[in-house]
Amino acid sequence: MSVPTAAADQSVCAPLPVLGRDVTVPLVTGGEVTYAALDYAASAPALQRVWDDVAAYAPYYGSVHRGAGYLSQLSTDLFENARRTVAEFLDCRTGDQVVFTRSTTDSLNLLAAALPAGCEVFVFETEHHASLLPWRDARVTYLDAPDSPRRAVETLEHALAGRDPHGPALVCVTGASNVTGELWPVRELAAAAHAHGARIVLDAAQLAPHHPVSVRELDVDWVAFSGHKLYAPFGSGVLAGRSDWLREAEPYLAGGGASRTVTRRADGGVDVEWHDSAARHEAGSPNVIGAYAVASACKALTEAGFDTLIAREEQLIRTVREGLADVPEVRFLSLFGDDAPRVGVLSFVVEGWNSSHFAAALSAEYGIGVRDGLFCAHPLVRTLLGSDPQSQGECGAPEAAPGEKSLNAIRVSFGAGTPDEHVERFVRAVRELVRDGARWSYRTEDGRCVPDTSDRA
């Protein structure tokens with residue numbers, strides 16, 4: 001069965017069309033400007049192609065898996081075809097499962113719930129909280145932030161060498177940092193893990209939207225990523241990889257869809273036979289539109305060609321780095337060095353500025369959306385800023401008023417839908433704010449720095 005789909009854009013020119021590219025926002029200084037969305041690392045705008053595909057399917061929406069009607073059968077085919085598309089996108093092995101979840105966070109919590117008894121987990125302190133925190137019921141070893149890819153591999157090998165090689169173990173590592181954008185040596189870390197009898201899961205939330213991810217070539221056991229960072233809306237995620245731990249674990253959620261048969265016992269109880277396929281961990285009515293959107297995004301990125309997308313993104317990174325190279329007040333954050341390969345994610349601090357104040361000025365005076373705070377990676381940002389790694393701080397919340405010292409940073413991030421003008425405007429805005437200061441006064445309101453509309457600076 002098939003439903004109408006939007007025609008694929010056959011051009012190779014960039015940027016790719018995304019929703020919101022023509023949205024205008026008001027400036028506190030007067031007038032309006034096209035919004036520059038430079039917070040892709042949090043949520044990327046949906047590709048127009050993805051939105052059109054979803055809109056084309058929407059009239060055909062029906063229940064999935066158990067409906068006898070035509071639309072139910074069509075939706076079931078669409079949902080399962082989406083699973084196959086994602087498996088192809090990730091170059092999964094024969095026998096690997098693709099489980100649809102809500103997000104990367106949901107995927108890694110699902111895997112955490114499926115760990116065998118006595119499993120040890122090894123995770124670097126540099127991880128996003130989604131991959132740092134789900135392992136609370138396991139024996140967790142937190143590894144210090146490495147200063148190079150080589151040191152990352154050495155640190156992991158040293159940690160694994162001291163464990164019981166006969167017990168289950170899991171290594172969790174990011175593919176690209178959500179703070180610095182730096183690429184991690186995933187293939188080498190996977191080899192180290194397997195050499196010591198451990199498995200490895202890749203948090204590809206920041207990697208998959210920017211670089212091809214091959215389960216086979218990287219030799220990872222699982223991959224997790226989110227649709228909302230892959231230019232697909234609707235809150236879907238993916239956990240893909242080896243089936244044995246997932247098949248042997250209790251269902252992540254108990255309910256319809258996860259169960260094959262349910263019978264009453266003579267004593268009044270209930271016996272359940274669970275599915276051993278991906279359905280085992282997809283109880284309830286699935287998010288078929290979300291899954292379809294993820295699959296559409298996978299197709300769109302593949303057709304656009306990652307070589308082209310990577311080359312253009314590297315040019316945007318150079319625009320930022322070179323455009324701010326002679327601004328000594330700006331310091332970029334990095335683990336592996338300024339020349340380390342990275343995706344379009346850059347975090348920095350500006351001498352003399354509170355990060356929330358600077359981000360607010362970018363938004364209010366230039367129509368530029370960035371992120372400020374600790375980026376749900378508190379230990380890493382604390383380490384990069386040279387502050388106490390045990391310090392408290394809410395995710396993304398400022399800790400100081402305008403003009404006061406800030407223990408947070410500013411993050412600019414971009415991708416396949418970013419026009420050159422947005423990045424060029426950002427560079428110009430940073431230079432002007434550092435040189436001339438803000439043109440408006442700001443105050444703290446509900447923990448955020450906002451323009452003071454009652455007074456001009």
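In case you missed it, the structure is sitting above this.
Residues numbered from 1 in each chain as written. Predicted model: local features only at pLDDT ≥ 70, side-chain atom pairs only at ≥ 80, totals over all residues. Heavy atoms only, no water.

## Re the sheet that holds strand β14 (residues 345-350)
Read from one edge to the other, the open sheet built from four strands follows the order β13-β14-β17-β16, with strand pairing classed as antiparallel. Each end of this open sheet is capped by a strand with a single partner; those strands are β13 (330-332) and β16 (371-373). Each adjacent strand pair in this sheet contributes to an overall mean axis angle of 30°, direction not counted. Strand direction decides the pairing type here: β14 and strand β17 (residues 409-413), joined by four bridges, are antiparallel. Note that in β17 the partner of S347 across the bridge is R411. (Pairing = 2+ DSSP bridges. Helix = DSSP H or I, 4+ residues; strand = E, 2+ residues; numbered from the N terminus. Axes fitted to C-alpha atoms, helices over the stretch in contact; angles between N-to-C directions.)

## Some remarks on the packing of aromatic side chains
Following the criterion strictly, the structure yields 13 aromatic pairs and no others. Between Y40 and Y231, the ring centres sit 6.0 Å apart and the planes meet at 70°, which makes this aromatic pair edge-to-face. Within this pair, whereas Y40 is found in the loop between β3 (36-37) and α1 (48-57), its partner Y231 is found in the loop between β9 (222-226) and β10 (237-241), the two being separated by 191 residues in sequence. Taking the relative accessible area as the measure of exposure, Y40 reaches 5% and is therefore buried. Judged by relative accessible area, Y231 falls into the buried class, the value being 1%. Ring plane angle 45° and centroid distance 6.2 Å describe the contact between F89 and F306, whose orientation is recorded as tilted. (Phe/Tyr/Trp six-rings, centres within 6.5 Å; stacked < 30°, edge-to-face > 60°. Buried < 20%, exposed > 50% of the residue type's maximum accessible area, 1.4 Å probe, protein only.)

## Considerations on the packing of helix α5 (residues 149-161) against helix α6 (residues 186-195)
Put simply, α5 and α6 touch, their axes get as near as 9 Å, and they point 15° apart. Comparing their axes, α6 and α5 come out roughly parallel. In terms of crossing hand, the pair formed by α5 and α6 is right-handed. Touching A152, V153, L156, E157 and L160 of α5 are E188, L189, A192 and A193, all from α6. Of the residues contributing to the contact of α5 with α6, the split by class is seven nonpolar, no polar and two charged. (Parallel < 35°, antiparallel > 145°, perpendicular 65-115°, else oblique. Left-handed = near helix turned anticlockwise from the far one by under 90°. Contact = heavy atoms within 4.5 Å. Nonpolar A, V, L, I, M, F, W, Y, C, P; charged D, E, K, R; others polar.)

## Quick notes on the pattern of salt bridges
This model, assessed by the stated rule, comprises 29 salt bridges. Of the charged contacts, one joins D271 and R265 as a salt bridge, the two residues approaching to 3.0 Å between their closest N and O atoms. Assessed through its relative accessible area of 36%, R265 is described here as partly exposed. For D452, the salt bridge identified is with R443, shortest N-O distance 3.9 Å. You can call R443 partly exposed: its relative accessible area is 33%. If you follow the salt bridges from partner to partner, you end up with D39, R371 and R411 in one network. (Salt bridge = Lys/Arg side-chain N within 4 Å of Asp/Glu carboxyl O.)

## Considerations on the nonpolar core
Counting residues in each nonpolar core, the largest one holds 85 residues, and the members touching the most others are L90 and F225. With eleven residues, helix α9 (residues 288-304) is the single largest residue contributor to this core. Not counting residues within four places of it along the chain, the set of residues in contact with F225 comprises V86, L90, S103, T104, A204, A205, A208, L230, G237, V238 and V294. In terms of nonpolar packing, the next biggest core, distinct from the first, is built from 34 residues, L346, A359, W440 and Y442 among them. (Core = buried A, V, L, I, M, F, W, Y, C linked by side-chain atoms within 4.5 Å.)

## Details of the pairing of β10
Extensive coverage of β10 is indicated by the burial of five of its five residues. Burial along β10 is two-sided: the face carrying G237, L239 and G241 and the face carrying V238 and A240 are both buried. As defined by bridge partners, strand β4 (residues 97-101) adjoins β10 across five bridges and the pair is classed as antiparallel. Each residue of the ladder has a partner; that of V98, found in β10, is A240.

## Some details on the packing of helix α2 (residues 70-89) against α9
At a closest axis distance of 9 Å, the pairing of α2 and α9 adopts a crossing angle of 40°. Between α2 and α9, the interaxial angle falls into the category oblique. Crossing of α2 against α9: the hand is left-handed. Contact residues: α2 offers S75, L78, F79, A82, T85, V86 and F89, while α9 offers V288, A291, Y292, V294, A295, C298, K299 and T302. In terms of residue class, the contact of α2 with α9 is built from eleven nonpolar, three polar and one charged.

## Considerations on α9
The terminal C-alpha atoms of α9 lie 24 Å apart, and with 17 residues this matches the ideal 24 Å at 1.5 Å per residue to within 8%. Burial runs high along α9: 13 of the 17 residues are buried. Among the residues trailing α9, G305 stands out with phi positive, at a value near 95°. (Expected span 1.5 Å × (residues − 1).)

## Some thoughts on the sheet that holds β4
In a beta sheet, neighbouring strands pair by backbone hydrogen bonds and run either parallel or antiparallel. In spatial order, the strands read β4-β10-β9-β8-β7-β5-β6; together these seven strands make up an open sheet with mixed pairing. Here the strands that pair on one side only, and so sit at the sheet edges, are β4 and β6 (139-143). When strand polarity is set aside, the average angle formed by the axes of neighbouring strands in this sheet is 20°. Sheet topology places β9 next to β10; five bridges connect them, and they run antiparallel. Paired with V223 across the strands is A240, a residue of β10. Strands in contact with helix α3 (residues 104-113) are β4, β7 (169-174), β8 (199-203), β9 and β10; relative to β9, the strand with the most contacts, it is inclined by about 150°. α5 rests against β5 (120-124), β6 and β7 of the sheet, and its axis sits at about 160° to β5.

All we've got here are geometric facts, nothing functional implied.
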